[in-house]
Amino acid sequence: MDHHAVHAVEGTDPRLSITRSLPDSPAPLPPVLLLHGFGSSSRQNWIETGWVRLLNDAGRGVVMVDLPAHGESATPDDAGAYAPSRIRADILQALFDERVLPLRGDDPTSGVDIIGYSLGSRLAWEFGATQPETVRRMVLGGPGTADPLAAFDLEGAERFLAGGAPSQDPTTADLLRMAQAGPHADLPALLALVSAIKTEPFDPQGAVPKMPLLLVAGDQDDYAVGLEDLTRWAPDAVVTTLPGRNHTNAITSRVFKEAALAFLA
């Protein structure tokens, strides 16, 4: 794997960690951008779960981005670096750095496919809607119309980290648990990310991707609410449901992997 950093965007270095993994026998298809979830990382979400190996074995090149304050990316002091719109701009720069070309009908390797999970799915939905000339197909895991980070009890979480009682909001407590589960988690920086996301709440109906979409969720995923709305708004979306899976363990599902691989082929 080739591990490096993204270039500066408008004179500001986001210090994002970018990893590229190339197959031994490339297929005539575009690379796959992998976007992980809140409190996770490229390594946790995609490498340790076997996604990268699966994609490489199928001839797909992979580009992974660690989001700000996640994985091996930096924890910026600038609060604006955590805003979803800024993260999407940094991801676009990362793709330029990786020589991803705009879609061309005569070049099957042009553009990019995206697999996102949880927060990565939210970013992918918005990225696909705003960059239709770049994105060919997308697989969104654990998607929903709600924005749990926008509704996050930030003050309660800060009190808890300062030694107070846990937040009484179950979603906030669950997200904090996920964040704390990651190795070397920088919880103050993750709360800075939450604060920035609150300034740009998710509005899936306001900007809808038009490329083919596969929406994947466990049948026990409490965060994947509103899939019917997403499929109604997106003109070319289909759903795969994972029996017995929830938001935490859906990412390891073999059914998920096989459905994504087939859809992106």
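Higher on the page you've got the structure.
Now for a description of the structure that goes with this document. In this text, all values refer to a predicted model and were calculated from it rather than measured experimentally.

Attention now moves to the packing of aromatic side chains. How two aromatic rings sit relative to each other is given by the distance of their centres and the angle of their planes. Applying the stated rule across the entire model yields three aromatic pairs. Measuring from centroid to centroid gives 4.9 Å for W51 and F256, while their planes differ by 80°, and the two rings are edge-to-face. Here F256 lies in helix α9 (residues 254-264) and W51 lies in helix α2 (residues 51-57), a separation of 205 residues in the sequence. With a centroid separation of 6.3 Å and an interplanar angle of 45°, the aromatic rings of Y117 and F256 are classed as tilted. Of the two residues, Y117 sits in strand β5 (residues 112-117) while F256 sits in helix α9, which places them 139 residues apart along the sequence. Accessibility assignment for this pair places Y117 and F256 in one class, buried.

We now examine unusual backbone geometry. Despite not being glycine, A69 shows a phi value in the positive range, around 70°. Checked against the element boundaries, A69 lands in the loop between β4 (62-66) and α3 (84-97). One non-glycine residue, S118, lies in the positive phi region at around 60°.

Turning our eyes to something else, we now look at helix α6 (residues 170-181). Its twelve residues give α6 an end-to-end C-alpha distance of 17 Å, which sits within 8% of 16 Å, the value for a rise of 1.5 Å per residue. Considered for burial, the residues of α6 that qualify are T172, L175, L176, M178 and A179. Seen end-on, α6 carries its buried residues on one side only, within an arc spanning 160°. Exposed residues pointing more than 90 degrees away from the buried face of α6 are listed as P170 and A181. Where α6 is buried, its residues contact α5 (154-161) and α7 (187-198).

Here the structure, examined in full by the defined rule, presents eleven salt bridges. Across the salt bridge formed by R136 and D113, the nearest N and O atoms sit 2.7 Å from each other. Taken together, the residues span a long stretch of sequence, with R136 in strand β6 (residues 135-141) and D113 in strand β5 at a distance of 23 residues. Residue R136 is classed as partly exposed on the basis of its relative accessible area, which comes to 22%. A salt bridge links E126 to R122; the shortest N-O distance between them is 3.0 Å. Taken together, the positions of E126 and R122, both in helix α4 (residues 119-130) and four residues apart, correspond to about one turn of that helix.

As a further point, take the nonpolar core. Buried together is how nonpolar side chains tend to be arranged in soluble globular proteins. If you look at the biggest cluster of nonpolar residues, it comprises 54 residues, and the most contacted ones within it are L33, F38, I114 and F152. Counting residues per element, this core draws most heavily on α7, which supplies eight residues. Residues W46, V139, F256 and L264 belong to the second largest nonpolar core, which totals 21 residues.

Cut-off values and rules
- Throughout, a residue's number is its position along its own chain's written sequence, starting from 1.
- In keeping with the predicted nature of the model, local features appear solely for residues at pLDDT of at least 70, side-chain atom pairs appear and are counted solely at 80 or more, and the whole-chain, interface and lining totals rest on all residues.
- Heavy atoms from the whole structure form the basis of all side-chain values; hydrogens and water molecules are not counted.
- Pairing of aromatic rings covers Phe, Tyr and Trp, the last counted by its six-membered ring, and requires centre-to-centre distances within 6.5 Å; plane angles under 30 degrees mean stacked, over 60 mean edge-to-face, and any other angle means tilted.
- Helix and strand assignments follow DSSP, with helices taken as H or I runs no shorter than four residues and strands as E runs no shorter than two, numbered in order from the N terminus.
- Relative accessibility thresholds used throughout: buried, under 20% of the residue-type maximum; exposed, over 50%; partly exposed, between the two (1.4 Å probe, protein chains only).
- In this scheme, a helix's expected span is set at 1.5 Å multiplied by one less than its residue total.
- Directions pointing from the helix axis toward each C-beta atom define the arc.
- Contacts: residue pairs with any heavy atoms within 4.5 Å of one another.
- Salt-bridge detection follows one rule: a side-chain nitrogen of Lys or Arg within 4 Å of a carboxyl oxygen of Asp or Glu.
- Here, nonpolar core refers to any group of buried Ala, Val, Leu, Ile, Met, Phe, Trp, Tyr and Cys residues whose side-chain atoms link them within 4.5 Å.

Any functional reading would require information beyond the geometric quantities listed.
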